[in-house]
Amino acid sequence: MIIVGARPQFIKSAPVIRECLRTKQVDLQLINSGQHYDYELSQIFFNQLGLPKPVLNLQVGSGSHSSQTGRAMIRIERCILELRPEIVLVPGDTNTTLAAGLASAKLNLPVGHIEAGARSYDMSMPEEVNRIVTDHVSTMLFAPTKITERNLRSEGIARNRIFRVGDTMLDGLKTAIPLAKKQKPSLLGRMNLTAGEYVLMTAHRPANVDVQERLENIVNAILRISKSLKAVFPMHPRVAYRLKSYGLHRKLKLSRNVILTKPLDYIKMIALLDSAYALLTDSGGLQKEAFLLGTPCVTMRGTTEWPETLKSGANTLVGVDSDRIVRSILRSEKRHESIWDSKKTGNPFGSGRASEYIVRTVLSKTAQLSNET
Ligand code: UD1
């Protein structure tokens with residue numbers, strides 16, 4: 001059983017799901033918690049990434065962290081008792097990841113955590129709590145990089161539970177790039193953009209967008225940047241709501257160089273990222289994608305769970321200080337070419353075959369576990 005529910009999980013698990021569908025020994029049960037429910041955050045990815053219809057949508061929806069996680073746990077427990085899977089796989093670090101990991105472990109089911117071991121060492125991030133707890137209740141920890149493997153070892157997790165397989169986001173990117181390259185000319189044309197002359201940006205973290213002063217800093221930075229470069233801003237529903245309620249949406253709309261859009265599908269996002277002058281973001285996954293595509297990244301956070309991307313200045317952490325954001329964006333320089341398909345450079349995120357290794361490991365370990373019982 002694979003349990004997903006939020007946008008980044010659809011993206012991280014898609015290559016694993018496709019690998020399961022290709023492997024005849026696997027009988028896959030896909031469950032959607034329904035944490036994300038807007039078309040642009042959910043169904044669009046099922047359609048575009050060729051994911052099968054989930055066996056169940058648990059319609060957990062939004063709410064405070066505890067109510068969302070609690071609701072998800074209760075419904076996931078019911079669903080596991082009904083469908084009786086042999087193992088549960090949970091990707092990423094969302095509240096759905098935590099709920100699925102805990103509910104499965106409490107039913108004594110083996111749990112496989114995809115993207116195990118990522119640490120920002122900032123416990124004020126909800127995702128950090130989710131990552132740590134999920135890792136410690138998991139039976140198989142699929143670490144994407146050497147650093148994530150080391151993090152798990154330093155927390156006392158036994159070596160035989162850790163599998164360094166590479167990052168499934170790289171697998172997904174490899175499939176997406178040819179499609180993105182094909183779409184790019186018409187996409188850039190429709191949006192009136194020139195490759196290398198626009199900044200792509202996203203902001204959705206509650207710590208940034210739910211605090212008026214911080215969101216004002218971000219908006220002021222975009223307005224200053226837009227004097228020299230176009231800015232494309234696909235808005236997560238949370239930031240769209242906050243921009244309107246703080247009266248900041250109008251300010252952005254009035255600038256001719258700022259393009260505000262709904263959240264974009266995966267292929268469009270990759271196409272825009274590939275040709276952007278730089279990325280400005282507070283997302284975790286986009287930092288990795290920018291790094292793999294060789295697009296300079298400026299991250300509006302004080303810490304990152306992906307220190308691999310900081311090497312050689314490809315990613316810079318700037319918090320939400322307007323001056324630092326503007327300075328870092330305007331001084332952005334390409335530090336390396338794209339490495340998503342490179343065989344020569346040691347890509348810290350693996351070789352793009354993580355999904356294959358995960359499915360293979362799951363098959364051999366579940367066979368081993370059922371022999372032991
Ligand atoms: C979640 C993940 C985060 C991930 C992000 C990507 C957790 C703790 N956080 O954050 O790691 O980076 O997804 O998108 O799980 N909303 C809608 N429509 C939707 C979904 C959400 O309008 O389809 C709005 C609701 O007002 C909701 C708010 O967004 O209250 C937050 O949604 P939630 O799923 O709680 O967290 P995200 O901020 O999306």
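Just above, that's the structure.
Residues numbered from 1 in each chain as written. Predicted model: local features only at pLDDT ≥ 70, side-chain atom pairs only at ≥ 80, totals over all residues. Heavy atoms only, no water.

Enquirer: Explain the overall build of the chain to me, and be specific about the residues and the numbers.
Expert: Across its full length, the chain carries 15 helices and 13 strands. Over its C-alpha atoms the chain spans a radius of gyration of 20 Å, differing by no more than 12% from the 21 Å that the globule rule assigns to 373 residues. In terms of its C-alpha atoms, the chain occupies a principal-axis envelope of roughly 65 × 45 × 40 Å. Split into buried and exposed, the 373 residues of the chain put 57% on the buried side. Contacts spanning at least 24 positions in sequence make up 68% of the contacts within the chain whose residues lie at least 6 apart. Split by element, the accessible area of the chain, about 16200 Å² in all, is 51% carbon and sulfur. (Helix = DSSP H or I, 4+ residues; strand = E, 2+ residues; numbered from the N terminus. Rg over C-alpha atoms; globule rule 2.2 N^0.38 Å. Buried < 20%, exposed > 50% of the residue type's maximum accessible area, 1.4 Å probe, protein only. Contact = heavy atoms within 4.5 Å. Areas by Shrake-Rupley, 256 points an atom, 1.4 Å probe, with all protein chains shown as cover.)

Enquirer: So, the sheet that holds strand β8 (residues 198-201): which residues are in play, and what are the values?
Expert: Sheet architecture is open: six strands sit in the order β10-β9-β8-β11-β12-β13, paired in parallel fashion. With one partner strand each, in any of the chains shown, β10 (258-261) and β13 (315-317) form the two edges of the open sheet. Shown here is a sheet whose adjacent strand axes are inclined to one another by a mean of 20°, direction ignored. Relative to β10, strand β9 (residues 230-234) runs parallel, the two sharing four bridges. Bridge assignment links A231 to a residue of β10, and that residue is V258. Helix α9 (residues 212-225) contacts β8, β9, β10 and β11 (278-281) of the sheet and is inclined by roughly 165° relative to β8. (Pairing = 2+ DSSP bridges. Axes fitted to C-alpha atoms, helices over the stretch in contact; angles between N-to-C directions.)

Enquirer: Give me the pattern of salt bridges: which residues, what numbers.
Expert: A side chain with one charge may pair with a side chain of the opposite charge, provided their charged atoms come close. Enumeration according to the criterion identifies 21 salt bridges in this entry. Residues E40 and K262 are paired through a salt bridge, measuring 3.4 Å at the closest nitrogen-oxygen approach. Of this pair, E40 sits in the loop between β2 (30-32) and α2 (43-48) while K262 sits in the loop between β10 and α12 (266-275); the two residues are 222 residues apart in sequence, bridging distant segments of the chain. Measuring nitrogen to oxygen at the nearest pair gives 2.7 Å for the salt bridge that ties K288 to D167. Placement of K288 in helix α13 (residues 285-293) and of D167 in the loop between β7 (162-164) and α7 (168-190) is noted, with a sequence separation of 121 residues between them. (Salt bridge = Lys/Arg side-chain N within 4 Å of Asp/Glu carboxyl O.)

Enquirer: Kindly report on the nonpolar core, identifying the contributing residues and their values.
Expert: Counting 61 residues, the largest nonpolar core has I2, L89, F142, Y266 and L272 as its most contacted members. Take this core: its biggest share by element is eight residues, from α7. Apart from residues no more than four positions distant in its own chain, Y266 is found in contact with I11, F45, Q48, L49, M169, G172, L173, A176 and E289. Of all hydrophobic cores here, the second largest spans 30 residues; its members include A203, A240, M300 and V318. (Core = buried A, V, L, I, M, F, W, Y, C linked by side-chain atoms within 4.5 Å.)

Enquirer: Lay out the side chain of S104 with the relevant residues and their values.
Expert: Of note, S104 is situated in helix α4 (residues 95-106). Given a relative accessible area of 0%, S104 falls into the buried group. Excluding residues within four positions of it along the chain, S104 makes contact with I80, V88, L109 and V111.

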